[in-house]
Protein chains: 2
Amino acid sequence: MQDKTTQATRQAQSSNQSHPVSADLIAVVIAVTDGEPRVLTIGQARALPSGPFELGHRSLQSGLRAWVERQTGHPLGYIEQLYTFADRDRTGDERAQISISYLGLTREEQVERSPTHGWRGWYDYFPWEDHRVGVPPILDDILMPRLLAWADEAEDPNRRHDRRQRVAYSFGLDDRDWNEELVLQRYELLYEAALVAEATRGRDNGSPPSIPGRPMVADHRRILATGIARLRTKIKYRPVVFELMPPAFTLLQLQRTVEALAGRLVHKQNFRRLIEQQDLVEETGETMSDTGGRPAKRFRFRQSVLAERAVAGTKLPVSRA
Amino acid sequence: MQDKTTQATRQAQSSNQSHPVSADLIAVVIAVTDGEPRVLTIGQARALPSGPFELGHRSLQSGLRAWVERQTGHPLGYIEQLYTFADRDRTGDERAQISISYLGLTREEQVERSPTHGWRGWYDYFPWEDHRVGVPPILDDILMPRLLAWADEAEDPNRRHDRRQRVAYSFGLDDRDWNEELVLQRYELLYEAALVAEATRGRDNGSPPSIPGRPMVADHRRILATGIARLRTKIKYRPVVFELMPPAFTLLQLQRTVEALAGRLVHKQNFRRLIEQQDLVEETGETMSDTGGRPAKRFRFRQSVLAERAVAGTKLPVSRA
DNA sequence: CATAATTATACTCACTTCGAGCATAAGGAT
DNA sequence: ATCCTTATGCTCGAAGTGAGTATAATTATG
């Protein structure tokens, strides 16, 4: 018995006997420019920056930074881990593939252009996610009818009910509100219903009816959906928006950034109240008078809040209008 | 240029050229028995169940389930990913080591005993985290003085201030409230201050002054801290507590479970109000009359809530008393 | 130069949420 | 019968939050 426990302990500590796998690092890097959230891409905007984790890398994070810099020239600031998953159905070799994805946030100014990589508005990939100017027509005209048809396709009545319920929940049907955080759930439903190009790839279904939303390589669009969902959730309880802002900004610029991310509008006065009463920002003293109208005070993020307390984010005072 | 993009795309799709790594799966499996949160351990309660990810595993999750079942005989129910990290300073071979950790929740009844594995109260590992019967004496008597001493040790005054601030924030000094979610931050501070056994392991500092909290192998205690933190956060916005409950329970039993996890007491009447107004449970019709007092109605979790809507969890109506 | 248009900013109001506490109900123990 | 203990119902006040009104300070326009 003593043998057994020590063996278990050793096994828990290191596992050199295990089969080798290869590990890929994948980055979802976000910036907001001109009121549009954008994602850093390579390969004709069809892939996320990524590369294998190598022995030379000091850590997963530094490996990721290295790859993104090598492929796009972009240094990364804030990054956080998204999700790790294993793929078996990749290439035929006898090695499992593990992918570790990260979310990175960077500032507007650092955006630049290039032929090999570039920034792409994330609503190009998820046109049904932008509700800032109302419900996108794509939803009512194309997606909802097809989703409901797909739900009704199921033989089993329980299954049919389950599908309808999931569609209703994810897309805010009936009396339910649209929940901007359910980006991944929506993408997966569309995938399941074969309403995104990635779902029919490899099968010979002929070309499926033209489907909105730019597809990506492998499961990169799913990873992007995961990143967007995480960001939309996180801005509500952590002050991460500021990673995307220039050093000084007006409250409206901040609001527009939040709206771009959330894909919905917020109530202006309440938004200001929220930001101010949480002491997230301080005035720089300057004002901005660009867009015609009363000049706005400029603010900067109070870096000290990060250390001071359990900071909340931007609670998104939603506007139903 | 066309070459460059295709190359980048190919690279993003698969990376067979990458150095092989080995991947370990590590499980933090939690149950609550007799009002105590417990974690499933192996190796004399010094290690978490874990094992290498192998080719035979259909997915990371199924690999994890297989290992936990093999090492402890325990089937897993609910599991979710915690974090992935890379270790270089393990054994000397030229292969990087990646660890993927998971949080698993299981029911009380499935708990059993064995010599090779077992359930251990998680406060054995983190005695400073249990505030149900007031602030643990260990904190005021031992940890806080040492932490503050450690903060003052720093040469650089900025560094000193930073350390003090982190201690104050993580441990709720001054006017700040104790935040039960900061389990990981607290453990890491204690580690940094060399107040946990793991921090001095391998160095020949002689034996450090006796330190509260049972240590674990490698970084398993840190992983456990991550799991506890995740769970304490998650019960507030998702109805995951029910994964830990028997099929039928009284509201007090539910409350005790939440309290066990959170490490703090909640206001009874408000707790009931919260659970009931969210329609999380429904009466079974039976009552329980065991602990002396008016018999309590028994409830069961309404499984349908999971599908119905964006369910909130247990908002923890804290009691300051 | 007066007026309109536009954005900034201050305040009010109704309603909900939430921490606390009081009060009553329904069992068992003595 | 009385007390102790837990269950359960209800109220109150403070704080938070969605919405809307009102005023201020600019630029654009006629």
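Caption draft 1: Region of interest: the sheet that holds strand 8 (residues 281-288) of chain B. Residue and element names in this part refer to chain B. Taking strand neighbours across the sheet as the criterion, the three strands line up as 7-9-8 in an open arrangement whose pairing is antiparallel. Whereas interior strands pair on both sides, the edge strands pair on one side only; in this sheet they are strand 7 (249-250) and strand 8. Here two bridges tie strand 7 to strand 9 (residues 296-301), and the two strands are oriented antiparallel to one another. The partner of Phe 249 across the bridge, within strand 9, is Phe 299.

Caption draft 2: Main features of the layout of surface pockets. Residue and element names in this part refer to chain A. Taken as a whole, the second largest pocket encloses approximately 560 Å³ of empty space. Along the wall of the second largest pocket there are 21 residues; nearest its centre are Thr 250, Leu 252, Arg 294, Pro 295 and Ala 296. When residues of the lining of the second largest pocket are traced back to their parent elements, those giving at least two are helix 8 (251-262), helix 9 (268-277), strand 7 (281-288) and strand 8 (296-301). Among the elements that make up the lining of the second largest pocket, the one with the highest residue count is helix 8 (five residues).

Caption draft 3: The pattern of salt bridges, seen in detail. Residues and elements named next belong to chain A. Under the counting rule described, the total for this entry stands at 42 salt bridges over all chains. For the salt bridge of Glu 80 with Arg 230, the shortest nitrogen-to-oxygen distance reads 2.7 Å. On the criterion of sequence distance, the pair formed by Glu 80 in strand 4 (residues 78-87) and Arg 230 in helix 7 (residues 220-234) is long-range, its members being 150 residues apart. Put simply, Asp 130 and Arg 132 hold a salt bridge, and the shortest N to O gap is 3.0 Å. The buried category is assigned to Arg 132, whose relative accessible area is 14%. If you follow the salt bridges from partner to partner, you end up with Glu 180, Glu 181, Lys 236 and Arg 264 in one network.

Caption draft 4: Focus on the packing of aromatic side chains. This model, assessed by the stated rule, comprises 14 aromatic pairs over all chains. For the ring pair Trp122(B) and Tyr123(B), a centre distance of 5.9 Å and an interplane angle of 80 degrees mean the geometry is edge-to-face. Per residue, the accessibility class of Trp122(B) equals that of Tyr123(B), and both read buried. Ring geometry for Phe126(B) against Tyr187(B): centres 6.0 Å apart, planes inclined by 80 degrees, an arrangement best described as edge-to-face. In this pair, Phe126(B) sits in the loop between strand 6 (117-121) and helix 3 (137-153) while Tyr187(B) sits in helix 5 (residues 183-192), placing the two residues 61 residues apart along the sequence. Exposure remark for Phe126(B): the relative accessible area of 0% places this residue in the buried category. Clustering of aromatic rings is evident, with ring pairs tying together Phe126(A), Trp128(A), Tyr187(A) and Tyr191(A). The ring of Phe126(A) has Arg221(A) lying over it, and the distance from NZ or CZ to the ring centre is 6.0 Å. Against the face of Trp178(B) rests Arg186(B), its NZ or CZ located 3.7 Å from the ring centre.

Caption draft 5: Spatial organisation of helix 7 of chain A. Helix length check: helix 7 of chain A, at 15 residues, gives a terminal C-alpha distance of 21 Å against a target of 21 Å (1.5 Å per residue), a fit within 8%. Of all 15 residues in helix 7 of chain A, 12 are buried; the element is thus mostly enclosed.

Caption draft 6: Quick peek at the pairing of strand 6 (residues 117-121) of chain A. Residues and elements named next belong to chain A. Most of strand 6 is tucked away, with four of its five residues classed as buried. Here strand 2 (residues 36-42) runs beside strand 6; their pairing, made up of five bridges, is antiparallel. The partner of Val 39 across the bridge, within strand 6, is Arg 120.

Caption draft 7: Seen up close, the environment of Tyr191(A). Residues and elements named next belong to chain A. Within the element layout of this structure, Tyr 191 appears in helix 5 (residues 183-192). Between the C-alpha atom of Tyr 191 and that of Arg 222, which follows or precedes it by 31 residues, the distance is 9.4 Å. Sequence-distant contacts of Tyr 191, defined by excluding residues within four places in its chain, comprise Val 196, Glu 198, Ala 199 and Arg 222.

Caption draft 8: Here's a closer look at unusual backbone geometry. Residue and element names in this part refer to chain B. The backbone of Gln 44 shows a phi angle near 50 degrees, a positive value even though the residue is not glycine. Here Gln 44 lies in the loop between strand 2 (36-42) and strand 3 (50-52). You can call Gln 44 partly exposed: its relative accessible area is 43%.

Caption draft 9: How the structure looks around the environment of Gly134(B). Inspection of the secondary structure puts Gly134(B) in the loop between strand 6 and helix 3. Put simply, Gly134(B) and Gly263(B) are 129 residues apart on the chain and 9.7 Å apart in space, counted from C-alpha to C-alpha.

Caption draft 10: Fine view of helix 3 (residues 137-153) of chain A. Residue and element names in this part refer to chain A. Its 17 residues place the ends of helix 3 24 Å apart at the C-alpha level, agreeing with the 24 Å of an ideal helix rising 1.5 Å per residue. The sharpest bend along helix 3 comes to roughly 40 degrees, located at Leu 143, with the proline Pro 145 sitting one to four residues further on. Considered for burial, the residues of helix 3 that qualify are Leu 139, Leu 143, Met 144, Leu 147, Trp 150 and Ala 151. Lining the buried residues of helix 3 we find helix 4 (157-171) and helix 5.

Caption draft 11: Geometry of the side chain of Glu80(B). All names here are of chain B. Judged by relative accessible area, which is 10%, Glu 80 ranks as buried. Reaching out from Glu 80, the side chain makes a polar contact with the side chain of Lys 234 at a distance of 2.9 Å. Setting aside residues no more than four positions away along its own chain, Glu 80 makes contact with Tyr 102, Leu 103, Arg 230 and Lys 234.

Each value, and the rule that gives it
- Residues numbered from 1 in each chain as written.
- Chains lettered and ligands numbered in written order.
- Predicted model: local features only at pLDDT ≥ 70, side-chain atom pairs only at ≥ 80, totals over all residues.
- Heavy atoms only, no water.
- Pairing = 2+ DSSP bridges.
- Helix = DSSP H or I, 4+ residues; strand = E, 2+ residues; numbered from the N terminus.
- 1 Å grid on protein atoms, 1.4 Å probe; cavity = no way out; pocket = protein on both sides within 12 Å on 5 of 7 lines; lining within 4 Å.
- Points joined across faces, edges and corners; volume = space filled by probe spheres on them.
- Salt bridge = Lys/Arg side-chain N within 4 Å of Asp/Glu carboxyl O.
- Buried < 20%, exposed > 50% of the residue type's maximum accessible area, 1.4 Å probe, protein only.
- Phe/Tyr/Trp six-rings, centres within 6.5 Å; stacked < 30°, edge-to-face > 60°.
- Lys NZ or Arg CZ within 6 Å of the ring centre and 35° of its normal.
- Expected span 1.5 Å × (residues − 1).
- Contact = heavy atoms within 4.5 Å.
- Bend = angle between axes of the 7 residues up to and from the residue.
- Polar contact = N/O pair within 3.5 Å; in protein donor to acceptor, adjacent residues only side chain to side chain.

Shape descriptors only; they carry no functional weight alone.
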